[in-house]
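Spelled out, the chains give:
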Amino acid sequence: MPDDSINFDKERVIFHIDLDAFYVEVERQNDPNLRGKAVVIGGTGPRGVVATASYEARKFGVHSAMATAVARRLCPTAIFMRGNHELYRNVSKKFMNILREYSPNVVPVSVDEAYLDMTGTERLYGEPIDAADTIRKAVRDALGLPASIGIGPSKLVAKVSSEHAKPDGVFQVRQQEAEAFFAPQPVRNLPGIGPKAGEALAKLQISTLGELATAPIGPLRRALGPNNAAHVQRRARGIDNAPLRERVKAKSISAETTFETDVSSRSELEKSLKKLCERVGTRLRKSGQRARGASIKLRYGDFTTITRQRTFQAPGDGDQLIYDTAHALLVTAMRQRGDAIRLIGVGVSGLGEQAAQLSLLDQNPMADSDTSEAIDTIRDRFGSESISRGSV
Ligand code: DCP
Ligand code: MG
């Protein structure tokens, strides 16, 4: 079937389900005092970053990935707390298992988000809207968590619809409605259009999906890449024939920056390193995985490139852990060669959910201490394994 031919009669029924303010709602299950209040979860130290905020806090402009210090300024009355990632991962597993009772084809995409193929389930669950309410109720009854569901003929339309379903709702868009539904939305609402693509499009005076859909292809090719432009333009019209299951879980996650002019100042390099570590850490936690180690990449002014990596004492997903490891690697590398740097990158590898086997040890408050026996136990159990398996 050519990419943009649509068969309206045989529309698929795809659900995109996403839990509302996931970390916050899990915390509210444990502590009802948090209900109805502005709650911000994330790093609470001076370098902390917001993982998520309750909808009450979002009204003040607080959002994911913002510095916690900024969030405190915007919403000083909010309750700030560090998260319990182990708990969220366990809840996430239960959530996915509930979904599997309703469709044999469930594709988790992050800790609190999945696609379900509900095509042909009408006889079992009725109209898609009713099936969605049944699933939302099942999640609410079992876990106490609010969920939103977008329904569409494709993953793309379902995903964009679920944003409109939030919070705690259902929103359905059929294929013949998709183009009109997409047209007025800002380009950044299209999954795959990040800050860079958004900026490139703004330079072409393209701010909505309707404008993107009808823009001349030449400049778009230059802005989005020659192979990408036509594909993005079809998606901007709400056309997506991608199968449900296509993404392989990443084995590593990395981010890098090229400086406009080469940098040799340590403090400036540390600043960039910190940002990169947070970006990588966010993506890692969203994937619901942990890493066994971190690496850095440095390219010098003469284009020679080095990479250095180190295994964590125990698998983890914290920004601080990634930063501390990457920073130690940077300091060592700079001692070996102090030349100005053109590009700096950070990565995490050895990703897996198996790392969560550490749960019991994790809850040991001693596990934070380098000298604790718990850490030694972890080293014994996981140190050699991580070496023999390499990146899983
Ligand atoms: N998360 C994170 N860092 C980010 C984004 C998210 O640690 N930059 C974590 C916290 C979130 C969870 O992932 O609770 C799920 O991410 P969502 O984007 O689905 O955000 P929420 O579920 O919190 O809110 P909502 O989906 O209602 O917008
Ligand atoms: Mg969510």
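Look a little higher up for the structure.
Cut-offs and rules
Position numbers for residues start from 1 in each chain and track the written sequence from start to end. Ligands are numbered from 1 and chains lettered from A, in the order in which they are written. Note on the predicted model: pLDDT of at least 70 is required for a residue's local features to be given, and 80 or more for side-chain atom pairs to be given and counted; whole-chain, interface and lining totals, by contrast, use all residues. Only hydrogens and water are removed before side-chain values are computed, so all heavy atoms of the structure are retained for them. Put simply, a residue is near a molecule or strand once any heavy atom of it comes within 4 Å of that molecule or strand. Whenever two N or O atoms come within 3.5 Å, that pair is a polar contact, provided that in protein one can donate a hydrogen and the other can accept it, and provided that, for residues adjacent in sequence, both atoms are side-chain atoms. Using a 1.4 Å probe, the Shrake-Rupley method yields the accessible areas, and only the shown protein chains count as cover for residues. Each helix corresponds to a stretch of at least 4 residues labelled H or I by DSSP, and each strand to a stretch of at least 2 residues labelled E; elements are numbered beginning at the N terminus. Lys, Arg, Asp and Glu make up the charged group, whereas Ala, Val, Leu, Ile, Met, Phe, Trp, Tyr, Cys and Pro make up the nonpolar group; the residues left over, Gly among them, are polar. In this document the domain limits rely on a domain assignment from an automatic tool or a database. Think of each axis as a best-fit line through the C-alpha atoms, taken over the contacting stretch in the case of a helix, with angles from 0 to 180 degrees between the N-to-C directions. Two helices cross in a left-handed way if the nearer one is turned anticlockwise from the farther one by less than a right angle. They cross in a right-handed way if the turn is clockwise. We call two residues in contact whenever any of their non-hydrogen atoms come within 4.5 Å of each other. Because no water is among the atoms considered, metal sites can look incomplete, with donors defined as N, O and S atoms within 2.8 Å of the metal, or 3.2 Å for Na, K and Ca. Under this scheme a four-donor centre is tetrahedral when all angles range from 85 to 135 degrees, a four-donor centre is square planar and a six-donor centre octahedral when opposite donors are above 155 degrees with the rest from 65 to 115, and any other centre is irregular. Only protein chains enter the accessibility calculation, which uses a 1.4 Å probe; a residue is then buried when its area is under 20% of its type maximum, exposed when over 50%, and partly exposed in between. Salt bridges are defined as contacts in which a side-chain nitrogen from Lys or Arg sits within 4 Å of a carboxyl oxygen from Asp or Glu. Strands qualify as paired when DSSP identifies two bridges or more between them.

1. Describing the site of ligand 1
Surrounding ligand 1, one finds 17 residues, the nearest of these being Ala21, Thr52, Tyr55, Arg58 and Asp112. In the model, an oxygen atom of ligand 1 is placed 2.9 Å from a nitrogen or oxygen of the Asp18 side chain. Arg58 is positioned with one of its side-chain polar atoms (N or O) 2.7 Å from an oxygen atom of ligand 1. About the coverage of ligand 1: the protein hides 88% of its 550 Å² of free accessible area. Mapped onto the shell around ligand 1, the elements with two or more residues apiece are strand S1 (14-19), helix H1 (22-30), strand S3 (50-53), helix H2 (55-58) and helix H13 (266-286). Residue composition of the shell around ligand 1, by class: seven nonpolar, three polar and seven charged. The two domains that each donate at least three residues to the shell around ligand 1 are domain 1 (7-173) and domain 3 (252-382).

2. Brief notes about the packing of H13 against helix H14 (residues 319-336)
The interhelical angle for the contact between H13 and H14, taken along N-to-C directions, is 145°, at an axis separation of 9 Å. In the packing of H13 onto H14, the handedness of the crossing is right-handed. Packed against H13, whose contacting residues are Arg266, Leu269, Glu270, Leu273, Lys274, Cys277, Glu278, Gly281, Thr282, Leu284 and Arg285, the element H14 presents Asp319, Ile322, Tyr323, Ala326, His327, Leu330, Val331 and Met334 at the interface.

3. Observations concerning the coordination of the magnesium ion (ligand 2)
Around the magnesium ion (ligand 2), the protein supplies Asp18 (OD), Leu19 (O) and Asp112 (OD) as donor atoms, at distances of 2.0 to 2.2 Å. Each of the six donor atoms around the magnesium ion (ligand 2) contributes to a set of angles spanning 80 to 179°, which defines the coordination as octahedral. Between consecutive donors of the magnesium ion (ligand 2), the numbers of intervening residues give the motif D-L-x92-D. Of the two residues, Asp18 and Leu19, both sit in the buried class.

4. Section: the environment of Asn228
Its location among the elements puts Asn228 in the loop between helix H11 (217-224) and helix H12 (229-236). Accessibility expressed as a relative area gives 33% for Asn228, which makes it partly exposed.

5. Concerning the pattern of salt bridges
Side chains that differ in charge, positive against negative, can pair when their charged atoms come close. Within this structure, the stated rule accounts for 20 salt bridges. Between Lys166 and Asp20 there is a salt bridge, with its nearest N and O atoms 2.7 Å apart. On the criterion of sequence distance, the pair formed by Lys166 in the loop between helix H7 (155-165) and strand S8 (170-172) and Asp20 in the loop between S1 and H1 is long-range, its members being 146 residues apart. Given the relative accessible area of 3%, Asp20 is considered buried. With a closest N to O distance of 3.9 Å, Glu179 and Arg237 form a salt bridge. Here Glu179, found in helix H8 (residues 175-182), pairs with Arg237, found in the loop between H12 and strand S9 (252-263); they are 58 residues apart in sequence, far enough to count as distant.

6. Looking at the sheet that holds strand S7 (residues 147-152)
Each strand in a sheet pairs with its neighbour through backbone hydrogen bonds, running either in the same direction (parallel) or in the opposite one (antiparallel). Strand order in the open sheet made by the five strands is S5-S6-S1-S7-S8, with mixed pairing throughout. Of all the strands in the sheet, the pair left with one neighbour each is strand S5 (106-110) and S8. This sheet shows a mean twist of 15° between the axes of neighbouring strands, independent of strand direction. Where S1 and S7 come together, six bridges link them in antiparallel fashion. Counted as the bridge partner of Ile17 is Ile149 from S7.

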